[in-house]
Amino acid sequence: MPRTRAFKPTEVAEKAMNVFWRQGYEATSVEDLVEATGLSRSSIYQAFGSKQGLFDASLERYLQGVTQLLAPLQGGTGGLDDVVAFFGAWRQLLVDESGASLGCLMVNSIAELAATQPWVREIGDSYQVRLRDSFVRALAVASDRGEIPADTISRRADVLSWLMMGLFIAARGQPPKVIDACIEEAVAEVASWRQ
């Protein structure tokens, strides 16, 4: 009889995700992944096919969390309040329990790999579109609530998307107080849009 797996692939992907997030794809060795996951090299290859396969599973796990963060923007009724809350939610993700800032795994991966790896560029493009579309939805609600003019939705969604992507890159390695200051400025900017 074949042996059943004694591990859950989602848990392994999450452990590996934390290593990729801290170190980046290229700097992470298979031995780093063996140590972090507790699996043997052969188990990793058997379950995920390759280091890239485990990285793909890690990105997928990460994007599940992003989907949860985007949900209030996509389906909320708070308008600009939902946008402000979104920045606060990301702050929790940007700074880990030790106080270190890892930035955004997806944006880190885009910065590291998109120029040479078409598969990362494709995922990254989709990620940026999802982020912008989520802002468009929240800003449309804000417009319906009379908080902003309808003809500013697209431009402001662009600004928020660029702001978030820049914040993700700038946040890596910064102390929490710097990230907090950036988020406070972003929140103040959004609040200033109210008519």
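Computed from a predicted model, the values in this text were never measured in an experiment. (Residues numbered from 1 in each chain as written. Predicted model: local features only at pLDDT ≥ 70, side-chain atom pairs only at ≥ 80, totals over all residues. Heavy atoms only, no water.)

K.L.:
Would you mind showing me how to read the packing of helix α4 (residues 51-75) against helix α5 (residues 80-94) here?
P.N.:
Packed helices, taken two at a time, are described by the angle their axes make and the gap between the axes. Two elements in contact, α4 and α5, have axes whose closest approach is 8 Å; the angle formed by their N-to-C orientations is 155 degrees. Relative to α5, the element α4 is oriented roughly antiparallel. The handedness of the crossing between α4 and α5 comes out as right-handed. The residues of α5 that touch α4, namely those facing Tyr-62, Val-66, Leu-69, Leu-70, Pro-72 and Leu-73, are Asp-82, Val-83, Phe-86, Ala-89, Trp-90 and Leu-93. Of the residues contributing to the contact of α4 with α5, the split by class is 11 nonpolar, no polar and one charged. (Axes fitted to C-alpha atoms, helices over the stretch in contact; angles between N-to-C directions. Helix = DSSP H or I, 4+ residues; strand = E, 2+ residues; numbered from the N terminus. Parallel < 35°, antiparallel > 145°, perpendicular 65-115°, else oblique. Left-handed = near helix turned anticlockwise from the far one by under 90°. Contact = heavy atoms within 4.5 Å. Nonpolar A, V, L, I, M, F, W, Y, C, P; charged D, E, K, R; others polar.)

K.L.:
Whenever I open this one, the side chain of Arg-156 confuses me. Can you help?
P.N.:
Tracing the chain through its elements places Arg-156 in helix α8 (residues 153-171). Filtering out sequence-adjacent residues up to four positions away, Arg-156 remains in contact with Leu-139, Ile-148, Pro-149 and Trp-193.

K.L.:
Would you explain the nonpolar core in this entry?
P.N.:
As a rule of thumb, nonpolar side chains are buried together in soluble globular proteins. Membership of the largest hydrophobic core comes to 59 residues, with the highest contact counts inside it found for Tyr-62, Trp-90 and Tyr-127. With nine residues, α4 is the single largest residue contributor to this core. With residues near it in sequence (within four places) discarded, Tyr-127 still touches Leu-63, Val-66, Trp-90, Cys-104, Met-106, Val-107, Met-165 and Phe-168. (Core = buried A, V, L, I, M, F, W, Y, C linked by side-chain atoms within 4.5 Å. Buried < 20%, exposed > 50% of the residue type's maximum accessible area, 1.4 Å probe, protein only.)

K.L.:
Can you walk me through the packing of α5 against helix α7 (residues 118-144) in this structure?
P.N.:
Relative to each other, α5 and α7 sit at 145 degrees, their axes nearing to 7 Å. Counting all contacts with α5, which are made through Leu-80, Val-83, Phe-86 and Trp-90, the residues of α7 involved are Tyr-127, Leu-131, Phe-135, Ala-138, Leu-139 and Ala-142. Along the lines of polarity and charge, the residues of the contact of α5 with α7 split into 10 nonpolar, no polar and no charged.

K.L.:
What exactly am I supposed to notice about α8 here?
P.N.:
Each turn of an α-helix holds 3.6 residues, which means side chains three or four residues apart point in the same direction. Relative to the 27 Å expected for 19 residues at 1.5 Å per residue, α8 spans 26 Å between its end C-alpha atoms, a close match to the ideal helical length. Burial in α8 covers these residues: Ile-153, Arg-156, Ala-157, Leu-160, Ser-161, Met-164, Met-165, Leu-167, Phe-168 and Ala-171. As for α8, its buried residues are in contact with α5, α6 (105-113), α7 and α9 (176-192). Looking at the residues trailing α8, positive phi occurs at Gly-173, about 85 degrees. (Expected span 1.5 Å × (residues − 1).)

K.L.:
Hey, could you run me through the pattern of salt bridges in this one?
P.N.:
For side chains of opposite charge, pairing can occur when their charged atoms come near one another. Considering all chains together, one arrives at six salt bridges under this definition. Arg-41 is the salt-bridge partner of Glu-31, the closest N and O atoms lying 2.8 Å from each other. Here Arg-41 lies in helix α3 (residues 41-48) and Glu-31 lies in helix α2 (residues 30-37), a separation of 10 residues in the sequence. Under the relative-accessibility criterion, Glu-31 is labelled partly exposed at 44%. Using a relative accessible area of 39% as the deciding quantity, one classes Arg-41 as partly exposed. Notably, a salt bridge pairs Asp-81 with Arg-194, separated by 2.6 Å at the nearest N-O pair. You can see Asp-81 sitting in helix α5 and its partner Arg-194 sitting in the segment after α9, a full 113 residues away along the chain. A single network of salt bridges, built from pairs that share partners, joins Asp-81, Arg-145, Glu-147 and Arg-194. (Salt bridge = Lys/Arg side-chain N within 4 Å of Asp/Glu carboxyl O.)

K.L.:
Please clarify how the side chain of Ser-134 should be interpreted in this entry.
P.N.:
Checked against the element boundaries, Ser-134 lands in helix α7. Once residues lying within four places of it in the same chain are set aside, the contact partners of Ser-134 are Leu-70, Leu-73 and Gln-74.

K.L.:
What exactly am I supposed to notice about the confidence of the model for the protein chain here?
P.N.:
For any part of a model where pLDDT is low, the fine detail of the predicted coordinates should not be relied upon. Chain-level statistics for the protein chain give a pLDDT mean of 91 and a share of 96% at 70 or above. Mean pLDDT across the secondary structure elements of the protein chain bottoms out at α5, with 87, and peaks at α2, with 97. (pLDDT = per-residue confidence, 0-100.)

K.L.:
Can you walk me through the packing of aromatic side chains in this structure?
P.N.:
How two aromatic rings sit relative to each other is set out by the distance from centre to centre and by the angle between their planes. One pass over the structure, following the stated rule, counts 10 aromatic pairs. Between Phe-86 and Trp-90, the aromatic rings sit 6.1 Å apart at their centres with planes inclined by 75 degrees, giving edge-to-face as the arrangement. Taken together, the residues span about one helical turn, with Phe-86 and Trp-90 both in helix α5 at a distance of four residues. With relative accessibility at 2%, the residue Phe-86 sits in the buried group. For Trp-90, a relative accessible area of 1% corresponds to the buried category. Between Trp-90 and Phe-168, the aromatic rings sit 4.6 Å apart at their centres with planes inclined by 55 degrees, giving tilted as the arrangement. You can see Trp-90 sitting in helix α5 and its partner Phe-168 sitting in helix α8, a full 78 residues away along the chain. (Phe/Tyr/Trp six-rings, centres within 6.5 Å; stacked < 30°, edge-to-face > 60°.)

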